[in-house]
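# Reading the structure
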Amino acid sequence: MALNAFFIVGTTLAILALAVGVLFALMVSRRSVSDWQNHLTAATRQWKERGNDDDLSDEDIHLKRASLVTVMQQEAREGSAYFTADELRALDHLRKKDDAAQ
């Protein structure tokens, strides 16, 4: 019984110490508002510049209707379920094209 109480108290103290440490680290490494504005402006500018060199054209995308079962049978492959970088760029291009059409 005493071992369970010691475990609960010890765990609680460890979590509190970790939380205090995180708060202290945030307070020490805090940026001013103007620093954040400059950082976010620079990051936005970089993202926009990277978005302009989109080399996908409309000819690279071929749309067709298919059922989910057909797609799963024809396009199934073994490996990771995550998208590759090329697949993500193609999806982003489709999203931009769809937004422009609306």
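What counts, and at which threshold
Residues numbered from 1 in each chain as written. Predicted model: local features only at pLDDT ≥ 70, side-chain atom pairs only at ≥ 80, totals over all residues. Heavy atoms only, no water. Helix = DSSP H or I, 4+ residues; strand = E, 2+ residues; numbered from the N terminus. Buried < 20%, exposed > 50% of the residue type's maximum accessible area, 1.4 Å probe, protein only. Areas by Shrake-Rupley, 256 points an atom, 1.4 Å probe, with all protein chains shown as cover. Patch = residues over 30% accessible without salt bridge, like charges linked within 9 Å, V, L, I, M, F, W, Y side chains within 5 Å. Salt bridge = Lys/Arg side-chain N within 4 Å of Asp/Glu carboxyl O. pLDDT = per-residue confidence, 0-100.

### Focus: the overall build of the protein chain
- Scanning the protein chain from N- to C-terminus turns up 4 helices and 0 strands.
- Listed by position from the N terminus, the elements making up the protein chain come as α-α-α-α.
- A total of 102 residues make up the protein chain; the buried ones form 3% of that total.
- When the accessible surface of the protein chain is split by element, carbon and sulfur atoms take 62% of a total near 9900 Å².

### Describing a nonpolar patch on the surface
- On the surface, Leu63, Phe83, Leu88, Leu91 and Leu94 cluster together into a nonpolar patch covering about 490 Å² of accessible area.
- Looking at the element boundaries, Phe83 is found in the loop between helix 3 (68–75) and helix 4 (85–101).
- Since its relative accessible area comes to 53%, Phe83 is described here as exposed.

### A few points about the confidence of the model for the protein chain
- On average, residues of the protein chain score 81 in pLDDT, and 89% of them reach the 70 mark or higher.
- Across the protein chain, the element-wise mean pLDDT spans from 74 in helix 4 up to 91 in helix 1 (residues 2–28).

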